[in-house]
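Listed here are the chains, written in short residue letters.
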Amino acid sequence: MQAFRAAIEAHDLDAAEALLAEDVVFTSPVVFKPYHGKAITSAILRGVARVFEDFRYTREIGEADGRDHALLFTARVGDREISGCDILHLDESGRIDELTVMVRPLSGAQALQAAMGAQFERIAQEAQEAQARSGG
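Note that the structure is predicted; figures quoted are calculated from it, not measured.

What counts, and where the lines are drawn
- Residues numbered from 1 in each chain as written.
- Predicted model: local features only at pLDDT ≥ 70, side-chain atom pairs only at ≥ 80, totals over all residues.
- Heavy atoms only, no water.
- Core = buried A, V, L, I, M, F, W, Y, C linked by side-chain atoms within 4.5 Å.
- Buried < 20%, exposed > 50% of the residue type's maximum accessible area, 1.4 Å probe, protein only.
- Helix = DSSP H or I, 4+ residues; strand = E, 2+ residues; numbered from the N terminus.
- Contact = heavy atoms within 4.5 Å.
- Expected span 1.5 Å × (residues − 1).
- Arc of directions from axis to C-beta.
- Pairing = 2+ DSSP bridges.
- Axes fitted to C-alpha atoms, helices over the stretch in contact; angles between N-to-C directions.

1. Things to note about the nonpolar core
Counting residues in each nonpolar core, the largest one holds 36 residues, and the members touching the most others are Phe4, Phe52, Phe73, Ile96, Leu99 and Leu112. Take this core: its biggest share by element is 6 residues, from helix 3 (residues 38-51). Beyond its immediate stretch of four places on either side in the chain, isoleucine 96 contacts Met1, Phe4, Leu19, Leu20, Ala21, Val24, Leu88, His89 and Leu90.

2. Some words on helix 4 (residues 106-118)
With 13 residues, helix 4 should cover 18 Å at 1.5 Å per step; its first-to-last C-alpha distance of 18 Å lies within 8% of that length. Buried residues of helix 4: Gly108, Ala109, Ala111, Leu112, Ala115 and Met116, and no others. One side of helix 4 carries all its buried residues, which in axial view fall inside an arc of 160°. Turned more than 90 degrees from where helix 4 packs its buried face, Leu106, Ala114 and Ala118 sit exposed. In the core, the buried residues of helix 4 are packed alongside helix 3, strand 4 (68-77), strand 5 (80-90), strand 6 (96-104) and helix 5 (120-133).

3. So, the pairing of strand 4
As judged from the 6 bridges shared by strand 3 (residues 53-61) and strand 4, these two strands associate in the antiparallel manner. Directly across from arginine 56, in strand 4, lies its bridge partner threonine 74. Between the antiparallel neighbours strand 3 and strand 4 lie 6 residues, among them glycine 62 with a positive phi of about 135°. Direction of pairing for strand 4 relative to strand 5: antiparallel, over a ladder of 10 bridges. In the sheet register, leucine 72 faces strand 5, and the bridge partner there is cysteine 85. Where strand 4 folds back onto strand 5 in an antiparallel hairpin, the turn is made up of 2 residues, including glycine 78, whose phi is positive at roughly 60°.

4. What to know about the sheet that holds strand 2 (residues 35-36)
What the 6 strands build is an open sheet, ordered 2-1-6-5-4-3; its pairing is mixed. Looking at the sheet topology across the chains shown, the edges are occupied by strand 2 and strand 3. As defined by bridge partners, strand 1 (residues 20-27) adjoins strand 2 across 2 bridges and the pair is classed as antiparallel. Opposite valine 25, over in strand 2, you have histidine 36 as the bridge partner. In this fold helix 1 (residues 2-9) packs onto strand 3, strand 4, strand 5 and strand 6, with an angle of close to 165° to the strand it touches most, strand 3. Helix 4 rests against strand 4, strand 5 and strand 6 of the sheet, and its axis sits at about 75° to strand 5.

Here it is in structure tokens:
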């Protein structure tokens, strides 16, 4: 999905958030249980933006008018190189209702897990604030 890719590449997290459905489900590469809702998904995206370095999308898979897309990326967390994929599903209105992230290798996933764990309190606070702003 070109709009999401453009927003992330421009570090425009507000634009990325605007593409999310209210009931979006985010599946993390390092946490078993999925996260539900726009507020927490947006906060996670902001946390990832803080921990990923040298992030860039390298390939896009999916039909322009399709509802399923895959965006392959590379990034670094500390001294660990990561390859990954954002798998997006769009609802009937064109909003992202599923966002699944996969990363490799294991050492990169472990570095990501540690870095995101350090962001946990801030992510939870940002999600709570977003929820309050939206009236939910």
